[in-house]
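Fold and geometry: a report
Okay, here's what each chain looks like letter by letter:
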Amino acid sequence: MVVVGAGIIGAACARALSKKGFSVTIVERGASVGGTSASGEGNLLVSDKAPGAELTMAQYASRLWPDLVAELANELGRDFPSLEFEPKGGLVVTLADGDARALESFAAHQREYGVRAEPLGAAEARLLEPDLNPRISSAVFYPDDAQVQPVIAAEAFLASARALGTRVVLGASVIGALAGDQGELAGVRTTKGDFPCDHVVVAAGPWSGEVARVLGGSLPVAPRKGFILVTSRMTQRVHHKVYDADYVGAVESDDRGLQTSTVVESTASGTVLIGSSRERVGFDASLDVAVVSELATKATRLFPFLSEASLMRVYCGFRPFVPDHVPVIGEDPTCPGLWYATGHEGAGIGLAPSTAEILAATLSGEEPAIDADPYSPARPSLASFLTNEPTE
Ligand SMILES: Cc1cc2nc3c(=O)[nH]c(=O)nc-3n(C[C@H](O)[C@H](O)[C@H](O)COP(=O)(O)OP(=O)(O)OC[C@H]3O[C@@H](n4cnc5c(N)ncnc54)[C@H](O)[C@@H]3O)c2cc1C
């Protein structure tokens, strides 16, 4: 079996497939974990997901992460860096001019689906985050939100997969399909030679639409750009994941235009990460100072002390966007042997473990722990977007 892409999804899937006894080769056109998985924040969130297929996956992932982190640490030993897993919880707030009712009813709806979402008064919220703007009007605490260092987590999946027998071929770009006697998919052609196999799993992040197309499939994945700001190191003053309730609207929106909403968190190294923007501008990686400025301004509304902080770094990445906002996991209905594990948009770090489990179970003919149908590439909500034309 060939997995295309050595990001967190390809790495997690390769590990789970190797565990099931499949012989796995990852082909990656660049270096390992050099795509979107190196450009995110590492939030493992249930809080930003409305009831539906993505929330179900996030709840499943949230059950998997703690044991997985312990398992990986045990397997990889002390010399491997910590995944910096922090089950710190998330605090979602509205400021005085925000829509407190919308946040409260969103949380109430999530609670009906088993999400732990605890409404807090402003004073209680400030006990959790003493440096929060006192002008907050409502807050909800999500104890199950957590955080990892995404590059280390992806490299850990990859190291574990290698130890289980996965072969990793770097610098090999997939450029076409190998056809069998009956014209069926029989492997991939790459810039480093041919890799015959029965199954190909496309885990190529925002490039998955293009990879699917050259392999004979069809998948509506497009890049959705996002900027992150990184402050210089400081004494810890942000203790949870803290974000403005308008973030949820930005995550769920289909708008091509620019949206910014604030997510603030500290990291183990002492930096503060400020995210994030969303816009559909293809793979244009140019710096947009207006976006950076808007993110910084919004972050200082949440935490006024940040106006004194200096920025160490700004970077952007491309989320793998699909039009119905649900990851795609399963076999292409028109191209037997071509499988997908992609389309996680802004949640692929968090959803990597559940994606890998669903894919490995389905490919093994087993019943996954959660129903796989909502993630199928054949689901009705994707049908009108399927085309063999190049994506953006
Ligand atoms: C600004 C920003 C913030 C984010 N924050 C979070 C967050 O807090 N929490 C969260 O869960 N998610 C977050 N995400 C989303 C998350 O980063 C992605 O969903 C996830 O990294 C996708 O992983 P992937 O393995 O599918 O893709 P990638 O990491 O992009 O890996 C795909 C790989 O495929 C390779 N590839 C592409 N084409 C080919 C080819 N033809 N041949 C061979 N290899 C190929 C690429 O080189 C790449 O290495 C964020 C994303 C962004 C941009």
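Residues numbered from 1 in each chain as written. Predicted model: local features only at pLDDT ≥ 70, side-chain atom pairs only at ≥ 80, totals over all residues.

1. Comments concerning the overall build of the chain
Short version of the rule: Going along the chain from the N terminus, every DSSP run of H or I of four or more residues is numbered as a helix, and every run of E of two or more is numbered as a strand. With the radius of gyration taken over C-alpha atoms, the globule rule is written as 2.2 Å times the number of residues to the power 0.38. To assign burial, the other C-beta atoms lying within 10 Å of each residue's own C-beta are counted, with C-beta atoms placed from the backbone; 20 or more indicates buried, 12 or fewer indicates exposed, and intermediate counts indicate partly exposed.
Helices and strands together make up the secondary structure of the chain, namely 10 helices and 19 strands. Against the 2.2 N^0.38 benchmark of 21 Å for 392 residues, the chain shows a C-alpha radius of gyration of 21 Å, consistent with a compact globule. Dimensions of the chain along its principal axes, counting C-alpha atoms only, are 70 × 50 × 40 Å. When the 392 residues of the chain are sorted by exposure, 51% land in the buried category.

2. What about the sheet that holds strand β13 (residues 222–231)?
We count it as follows: Pairs of strands are assigned from DSSP output, requiring at least two bridges between the strands. Orientation is described by lines fitted to C-alpha atoms, with helices fitted over the stretch in contact, and by angles between N-to-C directions that extend from 0 to 180 degrees. A residue pair is marked as a contact if its C-beta atoms, positioned from the backbone, fall within 7 Å.
An order of β5-β6-β4-β14-β15-β16-β13-β17 is seen for the eight strands of this open sheet, with the pairing classed as mixed. Both edges of this open sheet fall to β5 (118–120) and β17 (311–321), since each of them pairs with a single strand only. The sheet shows a mean angle of 20 degrees between the axes of neighbouring strands, direction not considered. Across the face of the sheet, helix α3 (residues 100–112) comes into contact with β4 (90–95), β5 and β6 (136–142) while running at roughly 15 degrees to β6.

3. With respect to the domain arrangement of the chain
Cut-off, in case you're wondering: Those domain boundaries reflect an automatic or database domain assignment. Each residue gets one of three labels, nonpolar for Ala, Val, Leu, Ile, Met, Phe, Trp, Tyr, Cys and Pro, charged for Asp, Glu, Lys and Arg, and polar for the others, Gly among them.
Splitting the chain by domain gives domain 1 (2–75 + 149–220 + 324–383) and domain 2 (90–143 + 223–321). Facing the 23 residues of domain 1 at the interface are 28 residues of domain 2. Residue composition of the side of domain 1 that touches domain 2, grouped by class: six nonpolar, 14 polar and three charged.

4. Some details on the pairing of β13
Burial of β13 is extensive: nine of the 10 residues sit out of reach of the surface. Taken together, the 10 bridges between β13 and β17 define a ladder with antiparallel strand orientation. Counterpart to A222 in the pairing with β17 is F321. Note that β13 and strand β16 (residues 272–278) share two bridges and pair antiparallel.

5. Points about the sheet that holds strand β1 (residues 2–4)
Ordered in space as β8-β2-β1-β12-β19-β18, the six strands form an open sheet in which the pairing is mixed. The two strands at the open ends of the sheet, each matched to only one other strand, are β8 (167–170) and β18 (328–331). The sheet shows a mean angle of 20 degrees between the axes of neighbouring strands, taken without regard to direction. Where β18 meets strand β19 (residues 338–342), four bridges bridge the pair, whose relative direction is antiparallel.

6. Considerations on the site of the ligand
Applied cut-off: Nearness rests on one distance test: the residue's C-beta atom, set from the backbone, must lie within 6 Å of the molecule or strand.
In the vicinity of the ligand there are 43 residues, among which G5, G7, G35, G205 and G348 approach most closely. If you list the elements that add at least two residues to the shell around the ligand, you get α1 (8–19), β2 (25–28), β13, β16, β17 and α9 (348–363). Broken down by element, the shell around the ligand gets its largest block of residues, four residues, from β17. Of the residues assigned to the shell around the ligand, the class counts are 15 nonpolar, 23 polar and five charged. Among the domains, domain 1 (2–75 + 149–220 + 324–383) and domain 2 (90–143 + 223–321) are the pair contributing at least three residues each to the shell around the ligand.

7. Details of the packing of α1 against α9
Inclusion rule: A clockwise turn of the near helix away from the far one marks a right-handed crossing, whereas an anticlockwise turn of less than a right angle marks a left-handed crossing.
Packing of α1 against α9 leaves a shortest axis separation of 8 Å and a crossing angle of 35 degrees. Of the two possible hands of crossing, α1 and α9 adopt the one that is right-handed. Here α1 contributes I8, I9, A12, C13, R15, A16 and L17 to the contact with α9, which in turn contributes G348, I349, A352, P353, T355, A356, E357, L359, A360 and L363. Among the residues making up the contact of α1 with α9, the classes are represented as 13 nonpolar, two polar and two charged.

8. Re the packing of helix α2 (residues 53–76) against α9
Operational definition: Should an angle fall under 35 degrees it is called roughly parallel, over 145 degrees roughly antiparallel, and 65 to 115 degrees roughly perpendicular, with every other angle called oblique.
As a packed pair, α2 and α9 sit with axes 8 Å apart at the nearest point and diverge in direction by 95 degrees. Viewed along their axes, α2 and α9 adopt a mutual orientation that is roughly perpendicular. Between α2 and α9, the residues in contact are M57, A58, Y60, A61, L64, W65 and L68 and G350, L351, P353, S354 and E357, respectively. Residue composition of the contact of α2 with α9, grouped by class: nine nonpolar, two polar and one charged.

9. With respect to the environment of S39
Of note, S39 is situated in the loop between β2 and β3 (43–44). In this structure, the C-alpha to C-alpha distance between S39 and F227, residues 188 residues apart in sequence, is 8.5 Å. Sequence-distant contacts of S39, defined by excluding residues within four places in its chain, comprise Y315, C316 and G317.

10. Some details on α2
Which entries qualify depends on this criterion: Expected span of a helix: the number of residues minus one, times 1.5 Å.
Under the 1.5 Å per step criterion, the end-to-end length of α2 is 32 Å for 24 residues, consistent within 8% with the ideal 34 Å. Those residues of α2 lying buried are E54, M57, A58, A61, S62, W65, L68 and V69. For α2, the secondary structure elements touched by its buried residues are β3, β7 (146–147) and α9. Positive backbone phi, at 80 degrees, marks G77, one or two positions downstream of α2.

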